[in-house]
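Results of the structural survey
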Amino acid sequence: MMTDVVEQNGGPARSGASGAAEEPPSSGSPADPAAGGPEGGTGPAGDLDDAANGRPGDRPVDAGTKEPVAAAQIVAIRERIDQIDQALIDLWQERASLSQQVGATRMASGGTRLVLSREREILERFRRALGADGTQLALLLLRAGRGPL
Ligand SMILES: O=C(O)C(=O)C[C@]1(C(=O)O)C=C[C@@H](O)C=C1
């Protein structure tokens with residue numbers, strides 16, 4: 001599976017054709033308005049944002065299932081997913097910053113903005129490890145540092 005990386009609208013990338021990804025498999029009815037509705041106010045959401053999960057602190061987790069054991073497992077696994085996502089974000093930003101430093105150093109010394117042989121090496125490393133999606137990921141990674149070609 002390969003997904004186009006260019007999302008001009010800034011929205012989430014879609015990898016499937018279905019527009020009903022949050023529906024349970026057997027559900028043909030509209031979403032339950034009670035599920036995920038307001039859960040009682042305790043003040044402005046801005047004061048309650050939970051830095052760990054980005055949700056207002058008083059909102060219950062939507063695990064996508066009503067089965068409590070499965071829901072608890074999902075919540076636990078999501079903790080690690082959130083840690084990984086944060087690490088990816090931190091590393092992404094660190095890499096972009098380092099790439100900009102390299103570019104500025106090179107150009108200040110009369111060098112080129114880009115070194116395409118180095119970019120090919122990086123693209124190949126990602127392709128070898130992750131396949132075609134790796135190539136797309138590396139293209140985004142490179143663009144985050146040196147800007148668009
Ligand atoms: O390694 C370099 O020479 C860089 O400038 C960094 C970097 C990158 O982000 O990896 C960015 C631009 C170059 O064309 C090649 C690689």
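Above this text is the structure in question.
For clarity, every value in this text was computed on a predicted model and none was experimentally measured. (Residues numbered from 1 in each chain as written. Predicted model: local features only at pLDDT ≥ 70, side-chain atom pairs only at ≥ 80, totals over all residues. Heavy atoms only, no water.)

What follows deals with the site of the ligand. Around the ligand, a shell composed of Arg95, Ser99, Val102, Arg106, Leu114, Val115, Arg118, Glu119, Ile122, Leu142 and Arg146 is seen. The side chain of Arg95 places a nitrogen or oxygen atom 2.7 Å from an oxygen atom of the ligand. Note that an oxygen atom of the ligand is positioned 2.7 Å from one of the side-chain N or O atoms of Arg106. For the ligand, the accessible surface in isolation is 360 Å², of which the surrounding protein chains cover 90%. Contributing elements (two or more residues each) for the shell around the ligand: α2 (68–108), α3 (116–130) and α4 (132–146). For the shell around the ligand, the element with the highest residue contribution is α2, accounting for 4 residues. A per-class count over the shell around the ligand returns 5 nonpolar, 1 polar and 5 charged. (Near = heavy atom within 4 Å. Polar contact = N/O pair within 3.5 Å; in protein donor to acceptor, adjacent residues only side chain to side chain. Areas by Shrake-Rupley, 256 points an atom, 1.4 Å probe, with all protein chains shown as cover. Helix = DSSP H or I, 4+ residues; strand = E, 2+ residues; numbered from the N terminus. Nonpolar A, V, L, I, M, F, W, Y, C, P; charged D, E, K, R; others polar.)

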